[in-house]
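# Results of the structural survey
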Amino acid sequence: MGFRRLTADIRNGEADAFELFYRMEFNNIVHFINSYTHDMTNAEDLAQEVFGILWEKRNMLDPDRNLRSFVYRIARNRTLNVLKEKKVLSDRNVLNEIDEDILALEDPSIEEMIDSLELERQIETIYSSLPDSARTSFELSRKEGLTNREIADIQGLSVKAIEYHMKISLRVFRKKLKDYLGYSSK
């Protein structure tokens, strides 16, 4: 099941789809939260809350957007709120550590990391939209670092065919990424 379908099913209230996503991501969210709270029990409780919020806000889900980045944003915001509450209630001895964690969570690089999850999903969507032979050629080139000659030998095709696959793949990537990033495609 792809993430687009999974997101649509969760949005439609499919408990099995939600449980599947929960099992896939719960430990990742706990680890993310724990890296700022430094309290595993609290991180697990917050992760439960995050997934509760996801279920409550499932009608806001867009199958064309990255479900993981949505959950990480909820986790980030919820963790930030908890740390700020903790700061108000803490004595001066713990403030420096809490302040550092708050600053780390407010750092734009966290938002960039979450945004990269969305871009990662977009790239996977583009990969899956390529014709099979072009996708295979492109992956062998870009992910495995093979030359066009090596790819041609593996696939039993001519080098010209591989060059054509690469040209098509790059054209599709260029257009779809420009569209995704909001640049006009010419």
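Going by the structure above, here's the rest.
Residues numbered from 1 in each chain as written. Predicted model: local features only at pLDDT ≥ 70, side-chain atom pairs only at ≥ 80, totals over all residues. Heavy atoms only, no water.

### Let's talk about the overall build of the protein
A count of helices and strands for the protein gives 9 helices and 0 strands. Counting from the amino terminus, helix and strand elements in the protein follow one another as α-α-α-α-α-α-α-α-α. By residue count, 36% of the 186 residues in the protein fall in the buried class. When the accessible area of the protein is evaluated, it comes to approximately 11200 Å², of which 49% is carbon and sulfur surface. (Helix = DSSP H or I, 4+ residues; strand = E, 2+ residues; numbered from the N terminus. Buried < 20%, exposed > 50% of the residue type's maximum accessible area, 1.4 Å probe, protein only. Areas by Shrake-Rupley, 256 points an atom, 1.4 Å probe, with all protein chains shown as cover.)

### Let's talk about unusual backbone geometry
The phi dihedral of His38 is positive, around 55°, even though this residue is not glycine. Along the polypeptide, His38 turns up in the loop between α2 (15-37) and α3 (40-56).

### Let's talk about the nonpolar core
Ranked by internal contacts, the top residues of the largest apolar core, which has 29 residues, are Ile10, Phe21, Ile29, Phe32, Ile33, Phe51 and Leu54. Mapped by element, the contributors of at least two residues to this core are α1 (3-11), α2, α3, α4 (67-89) and α6 (108-129). Not counting the four nearest positions on each side in its chain, Ile29 is found in contact with Ala47, Val50, Phe51, Val71, Tyr72 and Ala75. In this structure, Leu130, Phe138, Ile162 and Phe173 belong to the second largest nonpolar core, which totals 11 residues. (Core = buried A, V, L, I, M, F, W, Y, C linked by side-chain atoms within 4.5 Å. Contact = heavy atoms within 4.5 Å.)

### A closer look at the packing of aromatic side chains
Counted by the stated rule, this structure contains 11 aromatic pairs. Here the aromatic rings of Phe21 and Phe51 are separated by 6.1 Å at their centres, their planes lie at 55°, and the arrangement is tilted. One end of the pair, Phe21, is in helix α2; the other, Phe51, is in helix α3, with 30 residues separating them in the sequence. A residue is classified by how much of its surface remains accessible, and Phe21, at 0% relative accessible area, is buried. Ring centres of Phe138 and Phe173 lie 5.0 Å apart, and the angle between their planes is 20°; on these two criteria the pair is classed as stacked. Of this pair, Phe138 sits in helix α7 (residues 132-142) while Phe173 sits in helix α9 (residues 159-181), and the two are 35 residues apart along the sequence. (Phe/Tyr/Trp six-rings, centres within 6.5 Å; stacked < 30°, edge-to-face > 60°.)

### Points about the side chain of Thr7
Checked against the element boundaries, Thr7 lands in helix α1. For Thr7, a relative accessible area of 1% puts it in the buried group. Sequence-distant contacts of Thr7, defined by excluding residues within four places in its chain, comprise Leu61, Asp62, Pro63 and Leu67.

### A closer look at the packing of α2 against α3
It is the contact of α2 with α3, at a shortest axis distance of 8 Å, that shows an interaxial angle of 140°. Classed by the angle they form, the pair α2 and α3 counts as oblique. For the pair α2 and α3, the crossing hand works out as right-handed. Of α3, the residues touching α2 (which contributes Ala15, Phe18, Phe21, Tyr22, Glu25, Phe26, Ile29, Val30, Ile33, Asn34 and Thr37) are Met40, Asn42, Ala43, Glu44, Leu46, Ala47, Gln48, Val50, Phe51, Leu54 and Trp55. Residues that form the contact of α2 with α3 fall into these classes: 16 nonpolar, 4 polar and 2 charged. (Axes fitted to C-alpha atoms, helices over the stretch in contact; angles between N-to-C directions. Parallel < 35°, antiparallel > 145°, perpendicular 65-115°, else oblique. Left-handed = near helix turned anticlockwise from the far one by under 90°. Nonpolar A, V, L, I, M, F, W, Y, C, P; charged D, E, K, R; others polar.)

### Some remarks on the environment of Tyr36
Tracing the backbone through its elements, the reader meets Tyr36 in helix α2. Taking the C-alpha atoms as reference, Tyr36 lies 9.5 Å from Arg76; in sequence the two are 40 residues apart.

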